[in-house]
Amino acid sequence: MSITIKVNGVQHVLDVEFEMPLLWVLRDEIGLTGTKFGCGVASCGACTVHVDGEAVRSCVTPLIAVEGKEIVTIEGLAEAAGAKGGLAPVQAAWIAEQVPQCGYCQSGMIMAVTALLKEKPKPSDAEIDAAITNICRCGTYPRVRAAIHSLANA
């Protein structure tokens, strides 16, 4: 049996197991490798994508759970944010604040922060801490916070 999902505005008809995690569908079936595998148990956040505008951990989200929903990955974030051909505001703030070091966790972190700012445009430090549970092995959290606050103050 096949299943149809919409990723970054494009319909994909897939012939895969419905229980397959969305992460592996994105990476292996569709070829969008910006979403990263980190832990496989929804703890680290490297695999964060948007499903109907909400940040979800794709490593534990079965494909069947996203049928008929809008999925946005880091590759489609700029266009979803209305920045055709450019960068989404969070991506631009990431560059301005020099957030990434190794960069592995950053696509998931950017997706989580984008969802937070949509819900709370001017989050407090406590709200940031509660909402952004992504793990950064390089410890760039002060720069992540600075980027979030720069967007909230813009």
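All values derive from a computational prediction rather than experimental measurement.

Definitions and limits used
Residues numbered from 1 in each chain as written. Predicted model: local features only at pLDDT ≥ 70, side-chain atom pairs only at ≥ 80, totals over all residues. Heavy atoms only, no water. Core = buried A, V, L, I, M, F, W, Y, C linked by side-chain atoms within 4.5 Å. Buried < 20%, exposed > 50% of the residue type's maximum accessible area, 1.4 Å probe, protein only. Helix = DSSP H or I, 4+ residues; strand = E, 2+ residues; numbered from the N terminus. Contact = heavy atoms within 4.5 Å. Phe/Tyr/Trp six-rings, centres within 6.5 Å; stacked < 30°, edge-to-face > 60°. Pairing = 2+ DSSP bridges. Axes fitted to C-alpha atoms, helices over the stretch in contact; angles between N-to-C directions.

Draft legend 1. Up close: the nonpolar core. Judged by nonpolar contacts, the single largest core of 22 residues is most densely connected at Trp94, Met109, Val113, Ile132 and Val144. Secondary-structure elements contributing two or more residues to this core are α3 (89–96), α4 (106–119) and α6 (141–153). Sequence-distant contacts of Ile132, that is, excluding residues within four places in its chain, are made with Met109, Ala112, Val113 and Leu116. In terms of nonpolar packing, the next biggest core, distinct from the first, is built from 15 residues, Val7, Val25, Leu32 and Val49 among them.

Draft legend 2. Broad picture of the packing of aromatic side chains. Scanning all chains against the criterion turns up 1 aromatic pair. Summarising the aromatic geometry, the rings of Trp24 and Phe37 are spaced 5.3 Å apart at their centres and angled 35 degrees between planes, so their arrangement reads as tilted. With Trp24 in helix α1 (residues 22–30) and Phe37 in the loop between α1 and β3 (48–51), this residue pair connects regions lying 13 residues apart in the sequence.

Draft legend 3. Representation of the side chain of Gln106 within the structure. Looking at the element boundaries, Gln106 is found in helix α4. By relative accessible area, which is 5% here, Gln106 ends up buried. Residue contacts for Gln106: discarding those within four places in its chain leaves Trp94, Val99, Pro100, Cys136 and Thr140.

Draft legend 4. Molecular detail of the sheet that holds strand β5 (residues 70–72). The 5 strands are arranged β2-β1-β5-β3-β4 in an open sheet whose pairing can be described as mixed. This sheet does not close on itself; its edge strands, each paired only once, are β2 (10–14) and β4 (54–57). Shown here is a sheet whose adjacent strand axes are inclined to one another by a mean of 40 degrees, direction ignored. Direction of pairing for β3 relative to β4: antiparallel, over a ladder of 4 bridges.

Draft legend 5. Local environment of α1. Every buried residue of α1 is accounted for by Leu22, Leu23, Val25, Leu26 and Ile30. Buried residues along α1 sit against β1 (3–7), β2, β3 and β5. Backbone geometry just downstream of α1 places Gly31 in the positive-phi region, at approximately 90 degrees.

Draft legend 6. The environment of Glu17, seen in detail. Assignment of secondary structure puts Glu17 in the loop between β2 and α1. Glu17 sits in the exposed class, given a relative accessible area of 58%.

Draft legend 7. Just the pairing of β2, in detail. Of the strand pairs in this sheet, β1 and β2 are connected by 5 bridges, and their pairing is antiparallel. Bridge assignment links Ile5 to a residue of β2, and that residue is His12. The turn joining β1 and β2, which pair antiparallel and follow one another in sequence, is formed by 2 residues; a positive phi near 50 degrees is taken by Asn8.

Take it as geometry only, folks, not as evidence of what the structure does.
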